[in-house]
Amino acid sequence: MSKPSTLGGACIIASVCVGAGMLGLPSAGAGAWTLWSVIAISFTMIMMTLSGWLLLEALKHYEFKASFNTVTKDVLSNKVNFINNLSLYFVGGILLYAYISTSGMIFSEMLGVTRELASVLFVAFCSAFVLHSTRAVDRISIVLILFMIISFVLGVSGLASHISMPVLFAQAQGETPYSAYALALLPVALTSFGYHHSVSTMRDYYQDERRAKKAILGGTLIALTFYLGWVICIFGNLPREAFGPVVAAGGGVDVLMSALTAAIDSNSIKQALHIFSIAAIVSSFIGVGLGVFDYLADLFGFADTKQGRVKTWGVTFMPPLVLSLVAPFGFVTAIGLAGAAATIWTCIIPATLAKTLRQKVPVQDGFVVPGGNVTIYAVIAFGVLTAAFHLLAMANLLPVFKG
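Residues numbered from 1 in each chain as written. Predicted model: local features only at pLDDT ≥ 70, side-chain atom pairs only at ≥ 80, totals over all residues. Heavy atoms only, no water.

What about the nonpolar core?
A general trend in soluble globular proteins is that nonpolar side chains are found buried together. With 129 residues, the main nonpolar core has Trp230 and Phe285 as its most contacted residues. Here this core takes 16 residues from helix α13 (residues 267–300), the largest share from any one element. (Core = buried A, V, L, I, M, F, W, Y, C linked by side-chain atoms within 4.5 Å. Buried < 20%, exposed > 50% of the residue type's maximum accessible area, 1.4 Å probe, protein only. Helix = DSSP H or I, 4+ residues; strand = E, 2+ residues; numbered from the N terminus.)

This is the structure in structure tokens:
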């Protein structure tokens, strides 16, 4: 069997990220607008890449197939591991829930069926790739990324040609400075790079930490490129005040697409954007599903057999599906909640694991994240502050854009 390509792994990481970010960042960044959104998203990408590398460094001390759960349980206390497990499952579950709820709304119109049936069909088809194997997810991720690239280029090139510079670089006049809204954007930006439950999958896939490191960096760079191009093109076409109804509707993808297409007089651009939004949701659902699937298989000790994989499929996909059928709510709201909880297992725990293992094993062989303790403390501080910003925004102690 040929060695898996770095591109394949990078596409898996990118697919985990891109769905949440592409569909959530425009609404979440409407307050901060162009400049501060670009700064917040780019800074978050750097910190989240470093935190993923720190987790990869911690995993190198263990056999392949060892997961986040295995390492945390061994290095830190059972209480910390329980909190980590709870936060990881919550984030993975809430993202799957958000994708299922959104896909139900989109595909119900396309197929002419109820939202509930569309959601069930979406999960049944897309989760089959995860149930089959990581290699199947690799293959479908490349196909979906290609679809996203083609539709993104077609849609964004059309949007780019209609960008209004006064709209894109609008300045605050007699109101809260745009920079103040960037703090509330960070939790959604963090979730947009929340691939960490797939780090152990990448390491096991390549059997090599350095190749996994390259796949992680490649994936986050692909995601960042998509995010910045997407946000700039949307903000250059849709005036800031037009985001009021979108934000009021919970940042729903369908509402965002309706507002965007209403501002564009081109059927080809509208169709390209529609295809892109569908590919983004499907790819992210499959990517996130794979990470949660592997994590829960290790957590519950399910064997990598047909029967064991069916059990893992059930605990991975059934709870978010049932919840989406019973109580769907705002897409951006769900991602914001995920971002606050995600700071635990995307920043704080990986950095703590790396620091603890560096102390236990002073002479480090193999892959080591550069920057020493400065990198570790910077990642922890970023996670703590991002969670604090989300809580402050929920308590109305930070400015939140409402249109």
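Let's pick the thread back up.
Section: the packing of aromatic side chains
All told, the structure shown has 16 aromatic pairs when counted by the stated rule. Taking 6.3 Å as the distance between ring centres and 35° as the angle between the ring planes, the aromatic pair formed by Phe226 and Phe276 counts as tilted. Of the two residues, Phe226 is situated in helix α10 (residues 209–237) and Phe276 in helix α13; the sequence distance between them amounts to 50 residues. Stacked on the ring of Trp53, the Lys or Arg Lys213 has its end atom at 4.9 Å from the ring centre. (Phe/Tyr/Trp six-rings, centres within 6.5 Å; stacked < 30°, edge-to-face > 60°. Lys NZ or Arg CZ within 6 Å of the ring centre and 35° of its normal.)

Notes on the confidence of the model for the protein
Low-pLDDT stretches of the model should not have their predicted coordinates read in fine detail. A residue-level look at the protein finds 95% of positions with pLDDT of 70 or above and a mean pLDDT of 85. Element-level pLDDT for the protein is lowest in helix α12 (residues 253–262), with a mean of 75, against a maximum mean of 95 in helix α2 (residues 33–59). (pLDDT = per-residue confidence, 0-100.)

With respect to the side chain of Thr220
Structurally, Thr220 is set in helix α10. Contact partners of Thr220, with chain neighbours within four places excluded, come to Ile13, Met45, Thr49, Phe193 and Tyr195. (Contact = heavy atoms within 4.5 Å.)

With respect to the side chain of Ser51
Relative to the helices and strands, Ser51 resides in helix α2. The exposure class assigned to Ser51 is buried, which follows from its relative accessible area of 0%. Sequence-distant contacts of Ser51, that is, excluding residues within four places in its chain, are made with His196, Thr346, Cys347, Pro350 and Val379.

Focus: α2
Its 27 residues place the ends of α2 38 Å apart at the C-alpha level, agreeing with the 39 Å of an ideal helix rising 1.5 Å per residue. For α2, a buried count of 20 out of 27 residues is recorded, marking the element as mostly surrounded by other parts of the structure. (Expected span 1.5 Å × (residues − 1).)

Description of the pattern of salt bridges
Tallying each qualifying case throughout the model produces four salt bridges. For Glu57, the salt bridge is made with Arg358, and the minimal N-O distance between the two is 2.8 Å. Placement of the pair is Glu57 in helix α2 and Arg358 in helix α15 (residues 331–360), with a sequence separation of 301 residues. A residue is classified by how much of its surface remains accessible, and Glu57, at 1% relative accessible area, is buried. The residue Arg203 makes a salt bridge to Glu209 at a minimum N-O spacing of 2.7 Å. Glu209 sits in the buried class, given a relative accessible area of 14%. (Salt bridge = Lys/Arg side-chain N within 4 Å of Asp/Glu carboxyl O.)

Things to note about unusual backbone geometry
Even without a glycine there, the phi angle at Gln207 is positive, about 60°. Within the secondary structure, Gln207 is located in the loop between α9 (199–206) and α10. Residue Gln207 is classed as partly exposed on the basis of its relative accessible area of 44%. You will see that Asn396, though not glycine, has its phi angle at about 60°, which is positive. By the secondary structure assignment, Asn396 is in the segment after α16 (372–394). Given a relative accessible area of 63%, Asn396 falls into the exposed group.

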